[in-house]
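# A closer look at the structure
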Protein chains: 2
Amino acid sequence: MLKVVKIGGNIVDNPEKLERFLADFASLEGPKILVHGGGKVATTISRALGVEARMIDGRRVTDEQTLRIVTMVYAGVINKSIVAALQSHGCNAVGLSGADGRFVLSRRRSPVPVDYGFVGDPTGVNVELARALFDRGATIVVAPITFDPTDGSLLNTNADTVASAIAVAMSASGPTELVYCFEKRGVLGDVEDEDSVIQCIDKVLYESLKASGAIFEGMLPKLDNAFRAIDLGVSSVVICSAENIASQGYGGTRITL
Amino acid sequence: MLKVVKIGGNIVDNPEKLERFLADFASLEGPKILVHGGGKVATTISRALGVEARMIDGRRVTDEQTLRIVTMVYAGVINKSIVAALQSHGCNAVGLSGADGRFVLSRRRSPVPVDYGFVGDPTGVNVELARALFDRGATIVVAPITFDPTDGSLLNTNADTVASAIAVAMSASGPTELVYCFEKRGVLGDVEDEDSVIQCIDKVLYESLKASGAIFEGMLPKLDNAFRAIDLGVSSVVICSAENIASQGYGGTRITL
């Protein structure tokens, strides 16, 4: 089964955790795609270059300078460092942005009601390119910078959404699983208790956990992406710790219909 | 015939020239590889980040921080901007660093007598990966960051040398031409006279031009790479203006045995 694995910025920012994760990821059998988030490097560099982060409702606006910086950091140093590390572990990685071979096309988000700038949502994935690379034994490493063919611009895109879009598209040509790896062991029933991992969430439970306030903020878009993937044909969706990527079943939280 | 085209930093730094070049390059028929240089962005960013450029005998030393910056700039924003622009012109570009699919392997230059840091010279090119991408109608865009498999590090590599190494490797599986594009119309017999383009240089003429001092500095390594390519089986090597990439025969200076 094809694995689409996403690692968050907190892992990317921690060299030891990242190295351990990549060694484990490299050891996974079969075709696989790794989608990585951004981490804090882009913010550090923006500050050093005097580019002020502009936020609307707590969300960053991607102006032209910020787009250049995230393209540098995500598709440049993070993507290529991960590719080099995987190559060192004997995993034949090829790094792609969404523009490369039109791997992930997107559409710029409507500026109404809020203009977040150069930010887009995926509209298509080049499944044939992925299959051709898998046929050569390659593993794909995806930076969350996508390509809007309507005006030729690169767009900053949420990495969870990119991973979900890739998993959904790939599932049309064969069974696919989607694994969201982050710094916690799974979706927690009690955010204060690391041991309160919920083993399985269906939509009914999700609605009740949202209603009770047990799940909130950053977890909501991740779970929305997870449910969207399972709704659209992805065989298995798991949210787990990056430390468990090589363990049977990943531990963590399984999403079910 | 496969074309391997290299554009220098002066073109990369000039948005209008770069855009015109990319439109012309996109229109070229048949399989093609574009290798791009770095330009001044890396220097600007290094300064902003407070990373002092350390020079030995006029050559930059690539320390660890500088390596991260050139990886960001070359493999990130420059490579992906070029890929996006080519995609807009209907050219199905895929950007690669040397680490991606081990496309360009290298070896760190000996620290004796001078330690230039994370700098390497090409040792191998993944011809099969290029052929597989060409079979899918893709054009390859190469950032001059290579991969040393002995210790897994990324290495900063001269873009002229990368282009020459790729052309030589590809020529083993079919006729290949190498085109060095820069801001002048070719190799000038008189550096003060833009019209003094030498149409054809063989080794005898090259030695006499060096001896007379007509050719010097930056032109020497470019010509050394050009002669190395033609010596090692590349069918045709031309040094010309980026403005002439779409014109018959490219104008410029042809290198002959």
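On a plain count of helices and strands, chain A comes out with 8 helices and 14 strands. Taking 18 Å as the expected radius of gyration for a compact globule of 257 residues, we find that chain A reaches 17 Å, a close match to that expectation. Oriented by its inertia axes, the alpha-carbon framework of chain A measures out at about 45 × 40 × 35 Å. Residue burial in chain A is summarised as follows: out of 257 residues, 52% are buried. For chain A, long-range pairs separated by at least 24 residues make up 72% of all intrachain contacts whose partners lie at least 6 apart in sequence.

All names here are of chain A. In space, the 8 strands of this open sheet follow the order 5-8-2-1-11-13-14-12, with mixed pairing throughout. Sheet topology places strand 5 (93–96) and strand 12 (200–201) at the edges, where each strand pairs with a single neighbour. Strand direction decides the pairing type here: strand 11 (residues 176–182) and strand 13 (residues 236–241), joined by 6 bridges, are parallel. Bridge assignment links Cys181 to a residue of strand 13, and that residue is Cys240. Those strands touched by helix 6 (residues 159–171) are strand 1 (2–7), strand 2 (32–36), strand 8 (139–142) and strand 11, and its axis lies near 175 degrees from that of strand 1.

Mapping chain B onto chain A leaves a residual RMSD of 0.0 Å; the transformation is a rotation of 180 degrees accompanied by 0.0 Å of translation along its axis. These values place the two chain copies in the arrangement generated by a two-fold rotation axis. Taking C-alpha positions as the reference, the residue of chain B nearest the rotation axis is B:Gly76, at 1.8 Å. Residue by residue, 100% of the interface of chain B is reproduced at the interface of chain A, so both copies engage with the same surface.

Attention now moves to the nonpolar core. The biggest cluster of nonpolar side chains holds 169 residues, and the ones touching the most others in it are A:Val73, A:Ile166, B:Val73 and B:Ile166. When near neighbours in sequence (up to four residues on either side) are disregarded, A:Ile166 contacts A:Val4, A:Ile33, A:Val35, A:Val104, A:Val125 and A:Val142.

In this section: the interface of chain B and chain A. Between chain B and chain A, the contact holds 32 residues from the first and 32 residues from the second. Among the secondary structure elements, those contributing two or more residues to the side of chain B that touches chain A are helix 4 (64–88), strand 5 (93–96), helix 5 (127–135), strand 9 (145–148) and strand 10 (153–156) of chain B. If one sorts the elements of the side of chain B that touches chain A by residue count, helix 4 of chain B sits on top with 13 residues. Classifying every residue of the side of chain B that touches chain A gives 17 nonpolar, 10 polar and 5 charged.

This part covers helix 6 (residues 159–171) of chain B. Along its 13 residues, helix 6 of chain B runs 18 Å from first to last C-alpha, staying within 8% of the 18 Å computed at 1.5 Å per residue. Burial analysis of helix 6 of chain B places 13 of its 13 residues in the buried class, which makes it a mostly covered element.

To continue, consider the pairing of strand 2 of chain A. Residues and elements named next belong to chain A. Judged by how many residues are buried, strand 2 sits mostly within the fold: 5 of 5 residues are covered. Across the two faces of strand 2 the burial is the same, with Lys32, Leu34 and His36 and Ile33 and Val35 all buried. Note: strand 1 against strand 2, 5 bridges, orientation parallel. Bridging from a neighbouring strand, Lys6 pairs with Val35 of strand 2. Alignment of strand 2 against strand 8, held across 3 bridges, turns out to be parallel. Across the sheet, the residue bridging to Ile33 is Ile140, located in strand 8.

Here we come to the pairing of strand 13 of chain A. All names here are of chain A. Counting buried positions along strand 13 yields 5 of 6 residues, so the element is predominantly enclosed. Of the pairings in the sheet, the one linking strand 13 to strand 14 (residues 253–255) comprises 3 bridges and is antiparallel in character. Each bridged residue has a counterpart across the sheet, and for Val237 the counterpart in strand 14 is Ile255.

Further remarks concern the environment of B:Asp202. Residue and element names in this part refer to chain B. Mapped onto the fold, Asp202 is located in the loop between strand 12 (200–201) and helix 7 (203–212). Using a count of 13 C-beta atoms within 10 Å as the deciding quantity, one classes Asp202 as partly exposed. Asp202 sits 44 residues away from Ala246 along the chain, and the two C-alpha atoms are 24 Å apart.

Attention now goes to the packing of helix 3 (residues 41–48) of chain B against helix 4 of chain B. Residue and element names in this part refer to chain B. At a minimum axis distance of 9 Å, the contact between helix 3 and helix 4 shows a crossing angle of 135 degrees. When the axis of helix 3 is compared with that of helix 4, the two are oblique. For the crossing formed where helix 3 meets helix 4, the hand is right-handed. Contacts from Val41, Ala42, Ile45 and Ser46 in helix 3 reach Thr66, Ile69, Val70 and Val73 in helix 4.

On to unusual backbone geometry, then. Geometrically, the link from A:Val112 to A:Pro113 is a cis peptide bond, its omega value of 5 degrees lying close to zero. In this fold, A:Pro113 is placed in the loop between strand 6 (104–108) and strand 7 (120–125). The phi torsion at A:Tyr250 lies on the positive side, around 70 degrees, for a residue other than glycine. By the element assignment, A:Tyr250 lies in the loop between strand 13 and strand 14. In the Ramachandran plot, B:Glu217 falls in the positive-phi region, its phi being about 50 degrees despite a non-glycine side chain. Examined against the element boundaries, B:Glu217 turns out to sit in the loop between helix 7 and helix 8 (219–231). We classify B:Glu217 as exposed; it has 8 C-beta atoms within 10 Å.

The strand order across the open sheet built from 8 strands is 5-8-2-1-11-13-14-12 (chain B), with neighbouring strands paired in mixed fashion. Either end of the sheet is taken by a strand with one partner, and the two such strands are strand 5 and strand 12 of chain B.

In the predicted model, chain A carries a mean pLDDT of 95, and 100% of its residues have values of at least 70. For this predicted complex, the interface confidence reaches an ipTM of 0.95, while the overall pTM sits at 0.96.

To continue, consider helix 7 (residues 203–212) of chain A. The buried fraction of helix 7 of chain A is low, at 0 of 10 residues. After helix 7 of chain A finishes, the residue A:Gly213 shows a positive phi value of roughly 80 degrees.

Moving on, we come to the environment of B:Ser164. All names here are of chain B. Mapped onto the fold, Ser164 is located in helix 6. On the basis of neighbour count, Ser164 is assigned to the buried category, with 28 C-beta atoms found within 10 Å. The contact partners of Ser164, leaving out residues within four places of it in the chain, are Leu178, Asn225, Arg228 and Ala229.

Parameters at a glance
Residue numbering note: each chain is counted from 1, following its sequence as written. Whichever chain is written first is A, and whichever ligand is written first is 1; the rest continue in order. Only residues with pLDDT of at least 70 get local features here, since the model is predicted, and only at 80 or more are side-chain atom pairs given and counted; chain-wide, interface and lining totals rely on the full set of residues. Helix and strand definitions here come from DSSP, where helices need a minimum of 4 consecutive H or I residues and strands a minimum of 2 consecutive E residues; each element is numbered from the N-terminal end. To get the radius of gyration, use the C-alpha atoms; to get the globule rule, take the number of residues to the power 0.38 and multiply by 2.2 Å. To sort residues by exposure, count the other C-beta atoms lying within 10 Å of each residue's C-beta; 20 or more gives buried, 12 or fewer gives exposed, and values between give partly exposed, all with C-beta atoms placed from the backbone. Contact definition: two residues whose C-beta atoms, as placed from backbone geometry, lie within 7 Å. The pairing criterion for strands is at least two bridges between them, as found by DSSP. Working convention: axes come from line fits to C-alpha atoms, limited for helices to the stretch in contact. Angles between N-to-C directions cover 0 to 180 degrees. When the copies are superposed, the least-squares fit takes in the C-alpha atoms of residues with a pLDDT of at least 70 in both. One nonpolar core equals one set of buried Ala, Val, Leu, Ile, Met, Phe, Trp, Tyr and Cys residues connected by C-beta atoms within 7 Å. Note on residue categories: nonpolar means Ala, Val, Leu, Ile, Met, Phe, Trp, Tyr, Cys or Pro, charged means Asp, Glu, Lys or Arg, and polar means any other residue, Gly included. Take the number of residues in a helix, subtract one, and multiply by 1.5 Å to get its expected span. Reported orientations rely on four angle classes, namely roughly parallel under 35 degrees, roughly antiparallel over 145, roughly perpendicular from 65 to 115, and oblique for the rest. Here a crossing is taken to be left-handed if its near helix is turned anticlockwise relative to the far helix by less than a right angle, and right-handed if that turn runs clockwise. The score called pLDDT rates the predictor's confidence residue by residue, from a low of 0 to a high of 100.

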